Amino acid sequence: QVQLVESGGGLLQAGGSLRLSCVVSGSIFRNFALGWYRQAPGKQREAVAQISSEDATTYEDSVKGRFTISRDNAKKTVYLQMNSLKPEDTAVYYCRALSIITNRAYWGQGTQVTVSS
(Lines give C-alpha, C1' and ligand atoms only; values in the text may rest on other atoms or scores of the structure.)
Protein backbone atom coordinates (compact mmCIF):
# COMPACT_ATOMS: atom_id res chain seq x y z
CA GLN A 1 0.00 0.00 0.00
CA VAL A 2 1.38 3.38 -1.01
CA GLN A 3 1.66 5.92 1.79
CA LEU A 4 2.81 9.53 1.73
CA VAL A 5 3.90 11.34 4.87
CA GLU A 6 4.58 15.08 4.73
CA SER A 7 6.50 17.18 7.20
CA GLY A 8 8.06 20.60 7.50
CA GLY A 9 5.11 22.97 7.68
CA GLY A 10 4.89 25.76 10.20
CA LEU A 11 4.22 29.38 11.06
CA LEU A 12 6.64 32.06 9.95
CA GLN A 13 6.89 35.67 8.88
CA ALA A 14 6.85 36.93 5.32
CA GLY A 15 10.22 36.67 3.62
CA GLY A 16 11.16 33.50 5.43
CA SER A 17 11.91 30.01 4.12
CA LEU A 18 10.63 26.52 4.74
CA ARG A 19 11.39 23.12 3.30
CA LEU A 20 8.62 20.58 3.02
CA SER A 21 9.40 16.88 2.79
CA CYS A 22 7.27 13.95 1.67
CA VAL A 23 8.35 10.35 2.13
CA VAL A 24 6.69 7.85 -0.20
CA SER A 25 6.56 4.22 0.83
CA GLY A 26 4.99 1.06 -0.52
CA SER A 27 6.09 1.03 -4.13
CA ILE A 28 8.95 1.75 -6.51
CA PHE A 29 9.66 5.43 -5.99
CA ARG A 30 11.17 6.11 -9.40
CA ASN A 31 7.89 5.04 -11.01
CA PHE A 32 6.11 8.07 -9.60
CA ALA A 33 5.69 11.57 -10.92
CA LEU A 34 5.50 13.78 -7.84
CA GLY A 35 3.89 17.05 -7.03
CA TRP A 36 3.07 19.56 -4.36
CA TYR A 37 -0.40 21.09 -4.23
CA ARG A 38 -1.92 23.59 -1.86
CA GLN A 39 -5.37 24.57 -0.71
CA ALA A 40 -6.12 27.86 0.97
CA PRO A 41 -9.36 28.39 2.93
CA GLY A 42 -12.30 28.85 0.58
CA LYS A 43 -10.23 28.05 -2.50
CA GLN A 44 -9.73 25.05 -4.73
CA ARG A 45 -6.66 22.91 -4.46
CA GLU A 46 -4.02 24.02 -6.94
CA ALA A 47 -0.81 22.54 -8.27
CA VAL A 48 2.27 24.36 -7.02
CA ALA A 49 5.16 22.34 -8.41
CA GLN A 50 5.64 19.02 -10.12
CA ILE A 51 8.59 16.81 -10.95
CA SER A 52 8.48 13.91 -13.37
CA SER A 53 10.10 10.52 -12.99
CA GLU A 54 12.89 11.94 -15.19
CA ASP A 55 13.31 15.09 -13.07
CA ALA A 56 11.53 17.52 -15.39
CA THR A 57 9.96 20.28 -13.29
CA THR A 58 7.07 22.68 -13.69
CA TYR A 59 5.85 25.48 -11.43
CA GLU A 60 2.76 27.54 -10.90
CA ASP A 61 3.47 31.10 -12.06
CA SER A 62 3.21 32.74 -8.64
CA VAL A 63 5.95 30.55 -7.14
CA LYS A 64 8.45 30.58 -10.01
CA GLY A 65 11.83 31.76 -8.81
CA ARG A 66 10.85 31.25 -5.15
CA PHE A 67 10.02 27.56 -4.82
CA THR A 68 12.11 24.57 -5.89
CA ILE A 69 10.90 20.98 -6.11
CA SER A 70 13.39 18.13 -5.99
CA ARG A 71 13.43 14.40 -5.40
CA ASP A 72 15.84 11.98 -3.80
CA ASN A 73 15.17 8.54 -5.19
CA ALA A 74 17.46 6.86 -2.67
CA LYS A 75 15.52 8.37 0.25
CA LYS A 76 12.15 8.03 -1.50
CA THR A 77 11.52 11.66 -0.68
CA VAL A 78 10.29 14.69 -2.55
CA TYR A 79 11.06 18.17 -1.28
CA LEU A 80 9.66 21.63 -1.74
CA GLN A 81 12.05 24.42 -0.85
CA MET A 82 10.07 27.60 -0.36
CA ASN A 83 11.88 30.93 -0.17
CA SER A 84 10.67 34.52 0.04
CA LEU A 85 7.37 33.35 1.43
CA LYS A 86 4.36 35.64 1.22
CA PRO A 87 1.11 35.72 3.20
CA GLU A 88 -0.70 34.51 0.07
CA ASP A 89 1.33 31.30 0.26
CA THR A 90 -0.63 30.39 3.37
CA ALA A 91 -2.37 27.06 2.77
CA VAL A 92 -2.39 23.38 3.53
CA TYR A 93 0.25 21.80 1.32
CA TYR A 94 -0.29 18.29 -0.01
CA CYS A 95 2.11 15.88 -1.62
CA ARG A 96 0.87 13.77 -4.52
CA ALA A 97 2.43 10.72 -6.13
CA LEU A 98 1.17 9.66 -9.55
CA SER A 99 2.10 6.19 -10.70
CA ILE A 100 3.38 6.24 -14.27
CA ILE A 101 2.51 2.53 -14.45
CA THR A 102 -1.12 2.52 -13.23
CA ASN A 103 -1.93 6.26 -13.53
CA ARG A 104 -3.27 6.09 -9.99
CA ALA A 105 -2.72 9.07 -7.70
CA TYR A 106 -1.94 8.97 -4.01
CA TRP A 107 -2.11 11.87 -1.57
CA GLY A 108 -0.51 12.76 1.72
CA GLN A 109 -2.42 14.09 4.69
CA GLY A 110 -1.28 17.68 4.23
CA THR A 111 0.88 20.05 6.23
CA GLN A 112 -0.09 23.58 7.22
CA VAL A 113 2.01 26.54 6.13
CA THR A 114 1.07 29.91 7.60
CA VAL A 115 2.88 33.09 6.58
CA SER A 116 2.22 36.24 8.57
CA SER A 117 2.75 39.75 7.24
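Reference entry: report on the structure contained in this document. (Residues numbered from 1 in each chain as written. Predicted model: local features only at pLDDT ≥ 70, side-chain atom pairs only at ≥ 80, totals over all residues. Heavy atoms only, no water.)

**Structural notes on the state of the cysteines**
- Tallying each qualifying case throughout the model produces 1 disulfide.
- Here C22 engages in a disulfide with C95; their sulfurs sit 2.3 Å apart. When the S-S torsion is -85°, as for the bridge of C22 with C95, the disulfide is left-handed. Of this pair, C22 sits in strand β3 (residues 18-25) while C95 sits in strand β9 (residues 91-99); the two residues are 73 residues apart in sequence, bridging distant segments of the chain. In this structure, C22 and C95 share a single accessibility class: buried. (Disulfide = S-S within 2.5 Å. Helix = DSSP H or I, 4+ residues; strand = E, 2+ residues; numbered from the N terminus. Buried < 20%, exposed > 50% of the residue type's maximum accessible area, 1.4 Å probe, protein only.)

**Things to note about the pattern of salt bridges**
- A full pass over the atoms with the stated rule returns 4 salt bridges.
- Among the ionic pairs, D89 bridges to R38, the shortest N-O distance being 3.0 Å. Taken together, the residues D89 in the loop between β8 (77-82) and β9 and R38 in strand β4 (residues 32-39) connect sequence positions 51 residues apart.
- With a relative accessible area of 1%, D89 lands in the buried category. (Salt bridge = Lys/Arg side-chain N within 4 Å of Asp/Glu carboxyl O.)

**With respect to the pairing of strand β11 (residues 111-116)**
- Alternating residues of β11 divide into T111, V113 and V115, all buried, and Q112, T114 and S116, none buried.
- Note: strand β2 (residues 10-13) against β11, 4 bridges, orientation parallel. Note that in β11 the partner of G10 across the bridge is V113. (Pairing = 2+ DSSP bridges.)

**Here we look at the side chain of R38**
- According to the relative accessible area criterion, R38 is buried, its value standing at 6%.
- Reaching out from R38, the side chain makes a polar contact with the side chain of S62 at a distance of 3.3 Å.
- Within polar-contact distance, the side chain of R38 engages the side chain of D89 at 3.0 Å. (Polar contact = N/O pair within 3.5 Å; in protein donor to acceptor, adjacent residues only side chain to side chain.)

**Digging into the environment of Q44**
- Residue position: Q44 is located in the loop between β4 and β5 (46-51).
- Exposure remark for Q44: the relative accessible area of 73% places this residue in the exposed category.
- Taking C-alpha positions, Q44 is 19 Å from A97, a pair spaced 53 residues apart along the chain.

Purely spatial values, then, with no claim about function.
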